[in-house]
Amino acid sequence: LHTFLEGGISKSLQLRGHDTKMILCGGALSMCTTFHRIDHPPNEWSCKNCINFSERFYKIVGLNYAVYSDYINSEKYDKISDEIKTLSVDKCKKYVYKHVNVGQHAEISANRFFKGYISSKKLYDEILRKELLNAIKATDVAEKVIEKEKPDILVTSHGCYSSWGSFADYFTQNGISM
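Note that the coordinates shown come from a computational prediction; the quantities given were computed from them, not determined experimentally.

Quick notes on the rules
Numbering of residues begins from 1 in every chain and follows the order in which that chain's sequence is written. Under the rules for a predicted model, residues below a pLDDT of 70 receive no local features and side-chain atom pairs below 80 are neither given nor counted, while totals for whole chains, interfaces and linings still include all residues. Each side-chain value is derived from all of the structure's non-hydrogen atoms; neither hydrogens nor water enter the calculation. Two rings from Phe, Tyr or Trp (for Trp, the six-membered ring) form a pair when their centres sit within 6.5 Å of each other. Planes less than 30 degrees apart are called stacked, planes more than 60 degrees apart edge-to-face, and all others tilted. By definition, any uninterrupted DSSP run of H or I lasting at least four residues is a helix, any uninterrupted run of E lasting at least two residues is a strand, and each is numbered from the N terminus. Exposure categories follow from relative accessible area, calculated using a 1.4 Å probe and restricted to protein chains: below 20% of the type maximum is buried, above 50% is exposed, and the middle band is partly exposed. Pairs of N or O atoms within 3.5 Å make up the polar contacts considered here, provided that, within protein, one atom can donate a hydrogen while the other can accept it, and that residues adjacent in sequence are counted only when both atoms are side-chain atoms. In this analysis, two residues are considered to be in contact whenever any of their non-hydrogen atoms come within 4.5 Å of each other. Any Lys or Arg side-chain nitrogen located within 4 Å of an Asp or Glu carboxyl oxygen qualifies as a salt bridge.

Engineer: Sorry if this is basic, but what is going on with the packing of aromatic side chains here?
Structural biologist: The way to describe two aromatic rings as a pair is by their centre distance and the angle between their planes. Under the criterion given, the structure shown has eight aromatic pairs. Ring centres 5.0 Å apart and planes at 85 degrees place the aromatic pair F4 and F57 in the edge-to-face group. Taken together, the positions of F4 in helix α1 (residues 2–15) and F57 in helix α2 (residues 44–60) put the pair 53 residues apart, joining distant regions of the chain. A residue is classified by how much of its surface remains accessible, and F4, at 46% relative accessible area, is partly exposed. Judged by relative accessible area, F57 falls into the buried class, the value being 18%. Taken together, F4, F53, F57, Y58 and Y65 form an aromatic cluster joined through their ring pairs.

Laid out in structure tokens, this is it:
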């Protein structure tokens with residue numbers, strides 16, 4: 001659904017003369033933040049299906065797109081992931097990275113995943129840390145997009161959650177409107 005929605009908005013803008021580009025995770029996120037919840041967790045099949053479908057759809061309709069790996073090197077995140085594992089949950093929730101409160105976005109995402117009912121503290125801590133890593137990756141991608149693409153506006157269907165919120169916050173902090 002989000003592929004059609006966001007792709008439709010991008011294509012509409014493109015038809016009106018704007019230079020648009022879709023940014024796809026391409027499987028680089030630790031947790032998918034689409035419609036996954038504790039009762040409908042992410043899995044390898046849905047991730048691969050989303051990647052394949054999105055890329056084929058954007059090629060068919062003529063939308064310019066990139067994937068996270070075009071902007072970041074995933075090896076960096078092993079070290080960051082190890083650091084995150086040593087932090088308390090409270091520190092994870094307050095974690096600030098490149099002036100973006102990525103911890104807040106991770107907490108919102110983890111709470112969304114559990115739909116308000118945390119069945120296991122250990123599982124919650126694991127999901128929170130994965131969402132924190134997502135938020136850090138999204139911030140790095142946003143930084144690289146600004147450096148390489150020089151965009152003047154960000155169009156997104158979300159301004160919260162680990163991946164979208166961190167991306168959007170980094171853009172607005174750098175004077176790019178949403």
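Engineer: Explain the side chain of T20 to me, please; I cannot follow it from the model alone.
Structural biologist: Its place among the elements puts T20 in the loop between α1 and β1 (22–24). Its relative accessible area of 11% is what places T20 among the buried residues. A polar atom in the side chain of T20 sits 3.0 Å from the side chain of S10. Beyond its immediate stretch of four places on either side in the chain, T20 contacts S10, L13, Q14, L63 and N64.

Engineer: Just checking my understanding: could you explain the pattern of salt bridges for this structure?
Structural biologist: Pairing is possible between side chains that carry opposite charge, provided their charged atoms lie close to one another. Within this structure, the stated rule accounts for eight salt bridges. One salt bridge in this structure joins K21 and E149, with 3.0 Å as the shortest N-O distance. Of this pair, K21 sits in the loop between α1 and β1 while E149 sits in helix α6 (residues 121–149), placing them 128 residues apart in sequence. Given a relative accessible area of 31%, K21 falls into the partly exposed group. The closest approach of N and O atoms between K98 and E143, which form a salt bridge, is 2.6 Å. Here E143 lies in helix α6 and K98 lies in the loop between α4 (89–93) and α5 (102–114), a separation of 45 residues in the sequence. Salt bridges linked by common partners bring K76, K98, D140 and E143 together as one network.

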